[in-house]
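The residues making up each chain are set out below.
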Amino acid sequence: YLRRLDAFDSVAPRLVGRHEDGAFLAFSPDGHLLASAGHEAGGIHVWSLASRVETPVYSFQSEDPIIQIAFDPSGSVLASGHVSGVVRLWKLAEGAALPLLELRSKKTDVYSVAFHPSGRWLASAHSLQNTELWFLGRHHARTLYWNHRGGYYNRGIAFAPDGGWIAAVLSG
């Protein structure tokens, strides 16, 4: 469901679409698209908020459960983090979601994914103390690693809006 905050009391929420096992949401930077991902089943659906039709404009399946999704700053690429440690990038092209790049990690579950404000970096937070920074070049990636001290799990990752900082949520 979707509800405008400036008309919260006067306008009823509207159904954007249905997603079996939908568990995660992400808005595109321009606010025109809403992506939903299912953890156990259902893959990823991308909905147009301008449309009153409850059919996704993009839809694709995943081989393994999804833990998190995020749009790049342009809104044309969607990243999905998976239980297997894989991060997939999907190009949202006219009428289709096309696989763009698959980033394979030796780490476990991807708990969070975030794009740098420039779109040149993607960070993935993994369950076993690590954050990976992927340099996204022209259809290639380079991985930089660092280990967090202590027996913590990395549950989330975010870049500052100016791109000068990266933050990780550690629990354990």
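First, a word on scope: everything that follows refers to the structure included in this document.

About the thresholds
- Residues numbered from 1 in each chain as written.
- Predicted model: local features only at pLDDT ≥ 70, side-chain atom pairs only at ≥ 80, totals over all residues.
- Heavy atoms only, no water.
- Phe/Tyr/Trp six-rings, centres within 6.5 Å; stacked < 30°, edge-to-face > 60°.
- Helix = DSSP H or I, 4+ residues; strand = E, 2+ residues; numbered from the N terminus.
- Buried < 20%, exposed > 50% of the residue type's maximum accessible area, 1.4 Å probe, protein only.
- Contact = heavy atoms within 4.5 Å.

## Observations concerning the packing of aromatic side chains
Right, on to step 1. Applying the stated criterion to the full structure yields two aromatic pairs.
Right, on to step 2. When the ring of Trp 121 is compared with that of Phe 135, the centres are 5.4 Å apart and the planes differ by 65°; the resulting orientation is edge-to-face. Here the residue Trp 121 occupies a position in strand β10 (residues 121-126), and Phe 135 occupies one in strand β11 (residues 130-136), the gap between them amounting to 14 residues.
Right, on to step 3. Judged by its relative accessible area of 17%, Phe 135 is buried.

## Details of the environment of Val 110
Right, on to step 1. Looking at the secondary structure, you find Val 110 in strand β9 (residues 110-115).
Right, on to step 2. Among the residues examined, Val 110 registers a relative accessible area of 0% and is labelled buried.
Right, on to step 3. Sequence-wise, Val 110 and Gln 68 are 42 residues apart; in three dimensions their C-alpha atoms are separated by 7.5 Å.
Right, on to step 4. When neighbours within four sequence positions are excluded, Val 110 is seen to be in contact with Ile 67, Gly 81, His 82, Gly 85, Val 86, Val 87, Ser 124, Ala 125 and His 126.

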